[in-house]
Amino acid sequence: MTTSNSEVSAIRAAILEGAPGEELASLALPESFRAAYVRRDEVAMFEGVPSAEKDPRKSLHVDEVARPELAPDEVYLAVMASSINFNTVWTSIFEPLPTFGFLDRLARESEWAARHRRDEHIIGSDASGVVLRVGSAVRNWKPGDHVTVHCNHVDDQDPSAHDDSMLATNQRIWGFETNFGGLAELSVVKANQLMPKPTHLTWEESAVNALCNSTSYRMIVSDNGARMKQGDSVLVWGATGGIGGYAIQYVLNGGGTPVGVVSSPERAALLNAMGCEAVIDRRAEQYAFWKDEHTQDETEWRRFGGRIRELIGEDPDIVFEHPGRSTLGASIFAVKRGGTVVTCAATSGYMVEFDNRHFWMKLKRLLSSHFANYAESWAANRLIDQGRIHPLLSTVHPLDDVGEAARSVHRNEVEGKVGVLCLAPEEGLGIADPAKRERIGEDKITLFRRHAG
Ligand code: NAP
């Protein structure tokens, strides 16, 4: 594994030896560290290239970057592992916008925020790791703490951040709309992004959850989302994907009936192994909700709705939406009278269309959702720590292969989550409570990893 420099090596060695917090706090900080980033002078590199052919391997660089100063409410985190999210893909293909505009806007807010304006955008919105130093205003965390990081970056001096922080005017996603993200050896994180690392998991298993798991928790369970009740039936698109795989677990854990949509027999089998019995293979059943670029096909919506009824005997109470343009018309049609479609994304296109007659006459609801506030992220992390929800780690890459890792997500080639080893030299390290792991069950924790082979 490539090591940045002697200070980084010393930090890594101390963590792997289990050095106490005081010792970690006494180690010299590196002036620079290795990180994955996109470059401001390359944002036009894919002009004219179709979206599907834009290759993150060309735009993502891994190299030394200068260490930023630490603000009073932040910590330096030694990042042991991180993950690829779809926002990693968006950043690396500069769609729908290059992310440097986010950094420049943030930089105008304060002296500390000005650090984020750089010609490199260090990306990554997940991490597990060890706290190295805390800023003078940090109270609840100390060097040596093993943590995971959620990506809700809020200004706690903004009044609009104090009901639901996702409604804050200046709410941002760390490592996407801010600099100094998790795909790096070192990161700068606000103290109010930290959560305890689940003690039964490895670094890479702990690193892949926070973004997708918290998003699905808010969409399905939270008062801010669809508020799923015991017995509810829930249609989940992309049910073995990042957010879909957690959604299926929330439905099962909450006493609901999931209907999972996937695109291959292997993914259907994986869903069955998760305990989801009602499965639709959208490719095998060849749903074509759009006749052409401008016209949707209601007969296809009906065929899809009929298939759901065949599987579970009713229309779904909730639809978990994120493909967007390709599926939203069908989702609005298929959801039960009075039911809720909850959406957080538009992977296939954001200019969406549905038949408003089916929507209003049947009193359906369309609910928007975006990541999760600290309380929701904490609750979702706690469920992982309790072994009620499991990591979806499937493949693992070293930091140097981040472009390849992002490409596999862009091409819809992987199930669940793609982990990235940052300071962790190999897989399998970081389990603090092996007895708890055994109690919860290796088979449940590693289901996606074993499936990926
Ligand atoms: P992912 O791991 O790539 O999974 C997406 C799944 O969607 C795929 O497994 C695929 O499953 C399915 N899919 C893709 N295109 C589809 C289409 N045209 N029609 C039907 N299904 C399709 O990605 P993810 O991490 O789950 O994220 C999904 C989306 O949510 C992304 O756009 C991401 O940016 C967004 N997101 C938003 C938030 C937020 O806070 N707002 C948070 C997380 C993610 P099959 O091919 O097996 O059907």
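A. Seen up close, the overall build of the protein chain. The helix and strand tally for the protein chain stands at 17 helices and 20 strands. Taken against the 2.2 N^0.38 rule, which gives 22 Å for 453 residues, the C-alpha radius of gyration of the protein chain at 22 Å falls within 12% of a compact globule. Seen along its three principal axes, the alpha-carbon backbone of the protein chain occupies a region of about 65 × 50 × 45 Å. By residue count, 59% of the 453 residues in the protein chain fall in the buried class. Put simply, of all contacts in the protein chain between residues at least 6 apart along the chain, 74% involve residues at least 24 apart. Side chains of the protein chain give 48 positive and 63 negative charges; the mean places of these two sets differ by 5 Å.

B. View of the domain arrangement of the protein chain. Segmentation of the protein chain into domains returns domain 1 (6-212 + 373-452) and domain 2 (226-368). The C-alpha centroid of domain 2 is placed 30 Å from the C-alpha centroid of domain 1. Of the roughly 1600 Å² buried between domain 1 and domain 2 on both sides combined, carbon and sulfur atoms contribute 63%. On the domain 1 side of the contact with domain 2, C212, I389 and L392 bury the most area, a combined 30% of that side's loss. Put simply, domain 1 and domain 2 have 1 salt bridge between them.

C. Fine view of the sheet that holds strand 1 (residues 32-39). The 3 strands are arranged 2-1-4 in an open sheet whose pairing can be described as antiparallel. Of all the strands in the sheet, the pair left with one neighbour each is strand 2 (61-66) and strand 4 (120-122). Ignoring strand direction, the axes of neighbouring strands in this sheet form an average angle of 65 degrees. Two strands pair when backbone bridges link them, and strand 1 and strand 4 are joined in this way by 3 bridges, in the antiparallel orientation. Of the residues in strand 4, the one forming a bridge with R39 is E120.

D. Seen up close, the environment of S216. With respect to the helices, strands and loops of the structure, S216 is situated in helix 7 (residues 210-220). Sequence spacing of S216 and Q230 is 14 residues, and the spatial spacing of their C-alpha atoms is 17 Å. Not counting the four nearest positions on each side in its chain, S216 is found in contact with V221, I243, Y246, A247, Y250 and F320.

E. A look at the pattern of salt bridges. Per the counting criterion, the structure on display carries 34 salt bridges. With a closest N to O distance of 3.5 Å, R57 and E404 form a salt bridge. Of this pair, R57 sits in helix 3 (residues 56-59) while E404 sits in helix 14 (residues 402-410); the two residues are 347 residues apart in sequence, bridging distant segments of the chain. Its relative accessible area of 36% is what places E404 among the partly exposed residues. Ionic pairing is found between K336 and E314, a salt bridge with its closest N-O pair at 3.8 Å. Residue K336 is found in the loop between helix 11 (328-334) and strand 17 (340-343), and its partner E314 is found in the loop between helix 10 (298-312) and strand 16 (318-321); the two are separated by 22 residues along the sequence. With relative accessibility at 24%, the residue K336 sits in the partly exposed group. A relative accessible area of 29% means that E314 is categorised as partly exposed. One network of salt bridges, in which partners are shared, links R40, D104, R117 and D119.

F. Layout of the sheet that holds strand 13 (residues 278-281). Taking strand neighbours across the sheet as the criterion, the 6 strands line up as 13-12-11-16-17-18 in an open arrangement whose pairing is parallel. Looking at strand neighbours, the two that pair on one side only are strand 13 and strand 18 (365-368), the edges of this open sheet. Each strand of the sheet is rotated relative to its neighbour by a mean of 20 degrees, with strand direction disregarded. Relative to strand 18, strand 17 is paired through 4 bridges, and the arrangement is parallel. Counterpart to V342 in the pairing with strand 18 is L367. Running over the sheet, helix 7 touches strand 11 (233-236), strand 16 and strand 17 and is turned about 150 degrees from strand 16. The strands touched by helix 10 within the sheet are strand 11, strand 12 (257-262) and strand 13, with strand 13 carrying the most contacts at an inclination of about 150 degrees.

G. Structural view of the nonpolar core. If you look at the biggest cluster of nonpolar residues, it comprises 111 residues, and the most contacted ones within it are I84 and I220. The element that contributes the greatest number of residues to this core is strand 3 (residues 74-84), accounting for 8 residues. Each of domain 1 (6-212 + 373-452) and domain 2 (226-368) contributes no fewer than three residues to this core. Among residues more than four places away in sequence, those in contact with I84 are L183, V402, A405, A406, V409, K417, V418 and V420. Judged by nonpolar contacts, the second largest core, of 21 residues, contains W237, V259, L328 and V335.

H. Structural detail: the site of the ligand. In the vicinity of the ligand lie 24 residues, with G242, S263, R282, T347 and F371 positioned nearest. At 2.9 Å from an oxygen atom of the ligand is found a side-chain nitrogen or oxygen belonging to R267. R282 places a polar side-chain atom, nitrogen or oxygen, 2.7 Å from an oxygen atom of the ligand. Compared with its free state, where it exposes 910 Å², the ligand has 89% of that area covered by protein. Among the secondary structure elements, those contributing two or more residues to the shell around the ligand are helix 4 (86-92), helix 7 and helix 8 (242-253). Ranked by residue count, the leading element in the shell around the ligand is helix 7, at 3 residues. Class assignment for the residues of the shell around the ligand results in 10 nonpolar, 12 polar and 2 charged.

Criteria and thresholds
Residues numbered from 1 in each chain as written. Predicted model: local features only at pLDDT ≥ 70, side-chain atom pairs only at ≥ 80, totals over all residues. Heavy atoms only, no water. Helix = DSSP H or I, 4+ residues; strand = E, 2+ residues; numbered from the N terminus. Rg over C-alpha atoms; globule rule 2.2 N^0.38 Å. Buried < 20%, exposed > 50% of the residue type's maximum accessible area, 1.4 Å probe, protein only. Contact = heavy atoms within 4.5 Å. Lys, Arg positive; Asp, Glu negative; His and termini not counted. Charge placed at Lys NZ, Arg CZ, Asp CG, Glu CD. Domains from an automatic or database assignment. Buried area = accessible area lost by both parts, 1.4 Å probe. Salt bridge = Lys/Arg side-chain N within 4 Å of Asp/Glu carboxyl O. Pairing = 2+ DSSP bridges. Axes fitted to C-alpha atoms, helices over the stretch in contact; angles between N-to-C directions. Core = buried A, V, L, I, M, F, W, Y, C linked by side-chain atoms within 4.5 Å. Near = heavy atom within 4 Å. Polar contact = N/O pair within 3.5 Å; in protein donor to acceptor, adjacent residues only side chain to side chain. Areas by Shrake-Rupley, 256 points an atom, 1.4 Å probe, with all protein chains shown as cover. Nonpolar A, V, L, I, M, F, W, Y, C, P; charged D, E, K, R; others polar.

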